[in-house]
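A structural walkthrough
Residues per chain, in single letters:
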Amino acid sequence: MPKLQDLAERVERLVLRHEELKRTNTLLEQQVAALQSERDSLRSRLSAARARIDVLLERLPAGNGTQGLPE
């Protein structure tokens, strides 16, 4: 009987550990989703900033890249 009791306790611990790991996995999946969303937002902001810079660069007069620089 002690072996059966030991086995039952071990199974109980494994079940508890499994539930704990499932909760941890769920939390990690939520964190991954949040980080992916943040990454996508940052990529979008970076793309918009690049587009604004490109527009500003196009508005600069041609050939003035060295104007005002000491030789």
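These remarks concern the structure in this document. Quick caveat: nothing in here was measured; it's all calculated off a predicted structure.

Next up on the list: a nonpolar patch on the surface. A cluster of nonpolar residues, M1, L4, L7, V11 and V15, forms a patch on the protein surface that exposes about 530 Å² of accessible area. Tracing the chain through its elements places L4 in helix α1 (residues 2-59).

Moving on, we get to the pattern of salt bridges. Applying the stated criterion across every chain, the model contains two salt bridges. The salt bridge involving R17 is made with E20; its shortest N-O contact spans 2.9 Å. Residue R17 and its partner E20 are located together in helix α1, separated by three residues, close to a single helical turn. For E20, a relative accessible area of 38% puts it in the partly exposed group. Ionic pairing is found between D40 and R39, a salt bridge with its closest N-O pair at 3.0 Å. Classification of D40 by relative accessible area gives partly exposed; the value is 41%. A relative accessible area of 37% means that R39 is categorised as partly exposed.

About the cut-offs
- Throughout this document, residue positions are counted from 1 along each chain, in the order its sequence is written.
- Given that the model is predicted, a residue must reach a pLDDT of at least 70 before its local features are reported, and side-chain atom pairs must reach 80 or more before they are shown or counted; all residues, however, enter totals for whole chains, interfaces and linings.
- Heavy atoms throughout the structure, all of them, feed into the side-chain values; hydrogens and water do not.
- Patches here are clusters of residues that have more than 30% relative accessible area and form no salt bridge, with a 9 Å joining cutoff for like charges and a 5 Å cutoff for nonpolar side chains (Val, Leu, Ile, Met, Phe, Trp, Tyr).
- Methods summary: accessible areas were calculated by the Shrake-Rupley approach with a probe of 1.4 Å, and residue burial reflects only the protein chains presented.
- Between Lys or Arg on one side and Asp or Glu on the other, a salt bridge is scored when a side-chain nitrogen of the former is within 4 Å of a carboxyl oxygen of the latter.
- By definition, any uninterrupted DSSP run of H or I lasting at least four residues is a helix, any uninterrupted run of E lasting at least two residues is a strand, and each is numbered from the N terminus.
- Three labels apply to residues, based on accessible area from a 1.4 Å probe with only protein chains included: buried if under 20% of the type maximum, exposed if over 50%, partly exposed otherwise in between.

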